[in-house]
Amino acid sequence: MYMNSSHRTLHLFFRATSVIGALVFLAGAVPPALADSAPPASQTLAPQTLAPQTKIRLTIVQWMQSRGQYERWDALGGEYTVSDDGTVFLPFLGTLSVGNRKNADLTNEIAKRLQEKIGLVQAPAVTIEILEYPPIYVVGDVTTPGQYVFRPGLTVLQSLAMSGGPRRAKEEQQTHSIQIVGELREIDHSILRSTARLARLQAEMDEANEITFDETTGPDQQFAAGIYNEERVIFRARANAMDRQSRAFTELRDLLIKEMATLEEKLTGADDNIKSVEDQLVSVKSLVQKGLTISSRQMDLERLLTTYRSDKLDLVTAIMRGRQAISETTRNLEGLYDARRSEVATEAQSERASLDQSKLKRETLQKLLIADLGSNDSVKSVADDLPLTFSVTRRTAGQIDQFQASESTALAPGDVVRVVQPHILDNSPQADTSPSFESQTLADRAGQ
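Summary of the structure given here. Since the structure is predicted, the reported quantities are computational estimates derived from the model, not experimental observations.

What counts and what doesn't
Residues numbered from 1 in each chain as written. Predicted model: local features only at pLDDT ≥ 70, side-chain atom pairs only at ≥ 80, totals over all residues. Heavy atoms only, no water. Helix = DSSP H or I, 4+ residues; strand = E, 2+ residues; numbered from the N terminus. Buried < 20%, exposed > 50% of the residue type's maximum accessible area, 1.4 Å probe, protein only. Contact = heavy atoms within 4.5 Å. Areas by Shrake-Rupley, 256 points an atom, 1.4 Å probe, with all protein chains shown as cover. Salt bridge = Lys/Arg side-chain N within 4 Å of Asp/Glu carboxyl O. Polar contact = N/O pair within 3.5 Å; in protein donor to acceptor, adjacent residues only side chain to side chain. Core = buried A, V, L, I, M, F, W, Y, C linked by side-chain atoms within 4.5 Å. Domains from an automatic or database assignment. Phe/Tyr/Trp six-rings, centres within 6.5 Å; stacked < 30°, edge-to-face > 60°. Expected span 1.5 Å × (residues − 1). Arc of directions from axis to C-beta. Pairing = 2+ DSSP bridges. Axes fitted to C-alpha atoms, helices over the stretch in contact; angles between N-to-C directions.

## With respect to the overall build of the protein
- For the protein, the helix and strand inventory stands at eight helices and 11 strands.
- Burial analysis of the protein (448 residues in total) assigns 29% to the buried set.
- Within the protein, counting contacts between residues at least 6 apart in sequence, those at least 24 apart form 67% of the total.
- For the protein, the accessible area works out to roughly 28,600 Å², and carbon and sulfur atoms hold 53% of it.

## Considering the pattern of salt bridges
- Under the counting rule described, the total for this entry stands at 20 salt bridges.
- Ionic pairing is found between R309 and E278, a salt bridge with its closest N-O pair at 2.9 Å. With R309 in helix α7 (residues 295-378) and E278 in helix α6 (residues 221-290), this pair connects stretches of sequence that are 31 residues apart.
- Judged by its relative accessible area of 43%, R309 is partly exposed.
- For E278, a relative accessible area of 29% translates into the label partly exposed.
- One salt bridge in this structure joins D415 and R394, with 2.7 Å as the shortest N-O distance. Of this pair, D415 sits in the loop between β10 (399-405) and β11 (416-420) while R394 sits in strand β9 (residues 389-396), placing them 21 residues apart in sequence.
- Classification of D415 as buried rests on a relative accessible area of 1%.
- Note on R394: relative accessible area 21%, which makes it partly exposed.
- Bridged by salt links that share partners, the residues R200, E204, E231, R238 and E347 form one connected network.

## Observations concerning the side chain of S159
- Following the sequence through the fold, S159 ends up in helix α4 (residues 156-162).
- Owing to a relative accessible area of 1%, S159 belongs among the buried residues under this scheme.
- A polar atom in the side chain of S159 sits 2.6 Å from the backbone oxygen of V156.
- Among residues more than four places away in sequence, those in contact with S159 are I136, V138, L154, L411 and V417.

## Structural notes on the nonpolar core
- In terms of nonpolar packing, the biggest core is built from 36 residues, with L58, L90, I110 and L411 touching the most fellow members.
- Looking at this core, the elements with two or more residues in it are β1 (55-64), β4 (87-90), α3 (103-118), β6 (125-132), β7 (136-140), α4, β9 and β11.
- Here this core takes four residues from α3, the largest share from any one element.
- Both domains that meet at this core, namely domain 1 (54-132) and domain 2 (137-166 + 388-420), each give it at least three residues.
- Beyond its immediate chain neighbours, meaning those up to four positions away, L58 contacts L76, G77, G78, Y80, L90, I110, V126, T127 and I128.
- Residues I180, L184, V344 and L369 belong to the second largest nonpolar core, which totals 12 residues.

## Topic: the packing of aromatic side chains
- Using the criterion set out here, one finds two aromatic pairs in the structure.
- Considering the side-chain rings of Y133 and F150, the 5.2 Å spacing of their centres and the 70° angle between planes classify their relative orientation as edge-to-face. Of the two residues, Y133 is situated in the loop between β6 and β7 and F150 in the loop between β8 (146-148) and α4; the sequence distance between them amounts to 17 residues.
- On the basis of relative accessibility, which here comes to 17%, the residue Y133 falls in the buried class.

## Brief notes about α6
- The end-to-end C-alpha separation of α6 is 103 Å, in line with the 104 Å expected for 70 residues at 1.5 Å each.
- Of the residues one or two after α6, G291 is the one with positive phi, at around 80°.

## Some points on the environment of Q324
- Within the secondary structure, Q324 sits in helix α7.
- A relative accessible area of 54% places Q324 in the exposed class.
- On a C-alpha basis, the gap between Q324 and L256 in space is 9.8 Å, while along the polypeptide they are 68 residues apart.

## What about α3?
- Between the first and last C-alpha of α3 there are 23 Å, a value that for 16 residues agrees with the 22 Å anticipated at 1.5 Å per step.
- Of all the positions in α3, only N103, L106, T107, I110, A111 and L114 are classed as buried. Considered in projection along α3, the buried side chains sweep an arc of 130° and stay on one side of the axis. Looking at α3, the residues exposed on the side facing more than 90 degrees away from the buried face are N108 and E116.
- At its buried positions, α3 is contacted by β1, β4, β5 (94-97) and β6.
- At the C-terminal side of α3, G119 shows a positive phi close to 80°.

## Looking at the environment of L160
- Turning to its location among the elements, L160 is positioned in helix α4.
- Look at L160 and you get buried, because its relative accessible area is 7%.
- The contacts of L160, once residues within four sequence positions are left out, are V142, G165, P166, L388, F390 and V419.

## Some remarks on the sheet that holds β10
- Strands sit in the order β8-β7-β11-β9-β10 across an open sheet of five strands; the sheet is mixed. Bordering the open sheet on either side are β8 and β10, each of which pairs with just one other strand. Between one strand and the next, the sheet's axes are offset by a mean angle of 25°, whatever the strand orientation.
- The sheet contact formed by β7 and β8 spans three bridges and is antiparallel. From the neighbouring strand, Y137 faces β8, where its bridge partner is Q147.

## Focus on the pairing of β1
- Looking at chain direction, β1 and strand β3 (residues 78-81) are connected through four bridges and run antiparallel. Note that in β3 the partner of I56 across the bridge is Y80.
- The pairing of β1 with β6 spans seven bridges and is antiparallel. Residue I56 lies in a different strand from β6, and its bridge partner there is I130.

Spelled out as structure tokens, the structure:
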């Protein structure tokens, strides 16, 4: 029994020792022998004051003497964000000011308040881990201005590298000029397509057999040939479709006319039959009255006459319907050409409006290109070699301060870095910014 009691005591002692050692490691009290293997304090704990919008994780543990182990207070711990006024709202403790307080001071204050609130004999162990710093902002003459993730030890030069380095005005203008040249080429192709389409629509309105295109010279000659061939294919396909529809209506009308001729011949035959039966009926009626023949003969002729008259009415009705079908087919045939003319005229009107817009846009882009080329000629490349100037805007204790900075200036969370690139123009403020002869020539070639 004594051996078992000693073994249990040693087991509890080693268990408590390991837990205490882990808590000491979380609190940052790492012995010198373990300092080299531990992660940098700047990545886990906040060596400086907590800036607004900093996200932290609060961990609270207490040694339970009765259980011989540490327990976490998950109800009070968790993730929190420092407000804009430098405070954090904690359950049970309420609002706690964290402005101008270092990590150690803040953890001690939380542990002391918990000890006083709950009446603990020993204050609990409190640790604060920074999860996310407020971002920094880089503005001014940089390639990609915007917000970037802050990390401890970040300098102005590093923030400049994060934003893509200094913006080169001359290079940007040259890039913009190249983009305008590309847009001009695209507009020229669009104008060529519209011109070819208008030529095809005009040929359709004139009911011509072929399309007459304007001659094209220069680098777009091969491109124009392809466009012209496509329009010829469309022209022939639309003409063939029109011919097929017209031929179908014409054939239908001819068929109806032949059918009408047949019906009229049948109608003539029906009239002859009716005339013959009527004559026979008159003779039979006379004989019946004289008693020379039986009355059934008269009844048979009357029934036959009724049948012939009914057949005649059917033929008359069929003839009327045939004439109506012929009229409708004629209207469809004439409407086919009218609808095609209206469709072609509408397409031509829309295409002319699009062509006018393309020409106006082309003229505007040519002017912009000339202005850009003139501006490129007036900017000296030595401007890119001038030193950059930096300024930092920082909020401290509710006050916003702005100061000049250098490349090695250390940044704080939430800082706004402004980068300024000086520029030098040729001669004087009244320098001639008109485009040079080479710039004008390049603009003219781009517009051709």
